[in-house]
Amino acid sequence: MKTFAELGFPGRLIAVEGLDGSGKSTQIYLLKRWLELQDFKVYFSEWNSSEIVKAATSKGKKRELLTPTTFSLIHATDFADRYERHLVPLLRAGYLVLCDRYIFTAFARDVVRGCPPEWVRGIYDFAALPDLTFFFRADLEVSLQRILDGRPQLKYFEAGMDLRLSTDMYESFRIFQGRMLEQYLAMSTEFNFLVVDANQLVEAQQVMVRELVSQRIDLARFRHAERLPGRPPRDIQKQKKERAREVEEATFE
Amino acid sequence: MKRAPRKNHIVVPFRSERRFYGHGIPRVDLEKVAGKLIVVEGADGSGRSTQIALLVQSLEGSGHATVQVGLKRSTLVSEELDRAQQGNILSRTTLSLFYATDFADQLENIILPALKAGFIVLADRYIYTLMARDMVRGMDEGWLKNLYGIALEPDAVFYLNVPPEELVQRNFAKNMSLDYWESGMDIGLSRDMFDSFMQYQRAMEQTFRHLQTTYGFTIVDGMRSADVVNAELRKKIDHVLAGK
């Protein structure tokens, strides 16, 4: 497997991975804002967000129709749709593409759910590797607390309830997320994860993220050709709304 | 097409060893799978549904319980898949995985439970059509084999072979039109739908012949009358039931 840079794409893909509640969505949002404010060509894509596939996934989750195999396949379908219709064309056009979760989420999650690792990896082998992958490593208790602060209840699949690990949702979440962490750590070296200590304050993490991005990617190449004259200033209200929506979606994933 | 049911002679199916093509489905105990899985493959107009209807009738007459499955019939994604196809907006990997999801849902929720309950499952197409369609669209055979390693190996697979020249006549006789996807119009073989249909169906037939070398299904001459074809299928199925 090769990265987009190795494959000769002019664009670069940056992915963030981590457990639910590790704070990765906040970090990638702040990275996106930083890049946008410098007028770079940026595109953001989120796991499980394809317009076409989403309806089926949420029906499957709501009605608990999903098995480990269909859970895996429907997420692969979602990824393929975004990959072929958005990510690849934008990377061909020289964009900085930011992904909140990438194939490693599937590698970890589906394997914890009992799918054979070679089968899962085989399915995703049409996808190139990110040029940079940040892994936000938070203590289990920290991520659990972050999830619970945001809302009163855990979600069925997020807590791994389908695996019948425990009848207690919190206990199930702990075991499930613990196993996810093991899978992530096992992949860390193989896929050159840049591990960020996610127990730190938001700002401290962002400093590290921005530093690494500017060191490893020649950002100057990604600036918009030129500003269009008379381009209206960005609507602050709209930005706030967008931010609120993104945070909500990230939490309810 | 009435046939006298055989008097009180019911064959209790022989239990054969089962396997998945690849990794299979996690946590499925194949020891418990008692029924038989019979697959009928072929293009639209090859006589698949006629044959399946005749098989249901004769198998039920012989005391076997049957269940039917087919492509794009899952609870999970069939509607969404249909909607996406109408607009023809899906790229090929996405379409392929969408169909695989549909297949997996039916495999786990209909096929395997029915087989466990001792039913004869009649599948109106199976992974071979899905693989052939994708291969004609340039997808990697190895990738597809891994993907469909989840599939259970059937007890019998029949491919009803009818040349494109005859398929076109049968499709017109039935609908007065050719189907967009069955003509492979998404590939852009030709702007002319008739030409595209012929080229696409020829490519599908070739791919089926190629897959036959791996999966060893029975190629059945679909140019004969429905009854003659059915007698051939039934004979083969009786062998399967008797464990021969």
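Residues numbered from 1 in each chain as written. Chains lettered and ligands numbered in written order. Predicted model: local features only at pLDDT ≥ 70, side-chain atom pairs only at ≥ 80, totals over all residues.

This part is about the overall build of chain B. When you go through chain B residue by residue, the secondary structure sums to 8 helices and 5 strands. Taken from N to C terminus, the helices and strands of chain B fall in the order β-α-β-α-α-β-α-α-β-α-α-β-α. The buried share of chain B, taken over its 244 residues, is 41%. Excluding contacts between residues fewer than 6 apart, the proportion of contacts in chain B whose partners are at least 24 apart in sequence is 82%. (Helix = DSSP H or I, 4+ residues; strand = E, 2+ residues; numbered from the N terminus. Buried ≥ 20, exposed ≤ 12 C-beta atoms within 10 Å, placed from the backbone. Contact = placed C-beta atoms within 7 Å.)

Between chain A and chain B, the contact holds 25 residues from the first and 27 residues from the second. Elements supplying a minimum of two residues to the side of chain A that touches chain B: α2 (51-62), α3 (68-92) and α5 (117-123) of chain A. Among the elements that take part in the side of chain A that touches chain B, α3 of chain A stands out by supplying 11 residues, more than any other. Looking at the side of chain A that touches chain B residue by residue, the classes come out as 14 nonpolar, 7 polar and 4 charged. (Nonpolar A, V, L, I, M, F, W, Y, C, P; charged D, E, K, R; others polar.)

When the pLDDT values of chain B are averaged, the result is 92; 96% of them are 70 or greater. Interface confidence for the predicted complex, given as ipTM, is 0.88, next to a pTM of 0.88. (pLDDT = per-residue confidence, 0-100.)

Turning our eyes to something else, we now look at the environment of A84 of chain B. Within the secondary structure layout, A84 of chain B lies in helix α2 (residues 78-87). Residue classification places A84 of chain B among the buried positions, given that 23 C-beta atoms sit within 10 Å. Separated by 14 residues in sequence, A84 of chain B and F98 of chain B have C-alpha atoms that sit 9.8 Å apart. Ignoring sequence-local partners within four residues, the contact set of A84 of chain B consists of I52 of chain A together with I89, L90 and F98 of chain B.

Residues and elements named next belong to chain B. Taken in spatial order, the 5 strands line up as β2-β3-β1-β4-β5 in an open sheet, and their pairing is parallel. Strands with a single pairing partner mark the edges of an open sheet, and in this sheet they are β2 (66-70) and β5 (218-221). Direction aside, neighbouring strands of the sheet carry axes that sit 25° apart on average. In terms of strand pairing, strand β1 (residues 36-41) meets strand β4 (residues 156-161) through 4 bridges, oriented parallel. Residue pairing across strands places V39 opposite V157, the latter belonging to β4. Here helix α3 (residues 92-116) sits on the sheet in contact with β1, β2 and β3 (120-124), set at roughly 160° to β2. (Pairing = 2+ DSSP bridges. Axes fitted to C-alpha atoms, helices over the stretch in contact; angles between N-to-C directions.)

Attention now goes to the nonpolar core. All names here are of chain B. Of all hydrophobic cores here, the largest spans 128 residues; its most connected members are I111 and V121. The leading source of residues in this core is α3, at 12 residues. If we skip the residues at most four places from it in the chain, I111 touches L37, V69, Q106, V121 and L152. (Core = buried A, V, L, I, M, F, W, Y, C linked by C-beta atoms within 7 Å.)

On to the environment of Y184 of chain A. All names here are of chain A. Residue position: Y184 is located in helix α7 (residues 169-187). You can call Y184 buried: it has 24 C-beta atoms within 10 Å. Aside from chain neighbours lying at most four places away, what touches Y184 is E17, F104, A108 and F135.

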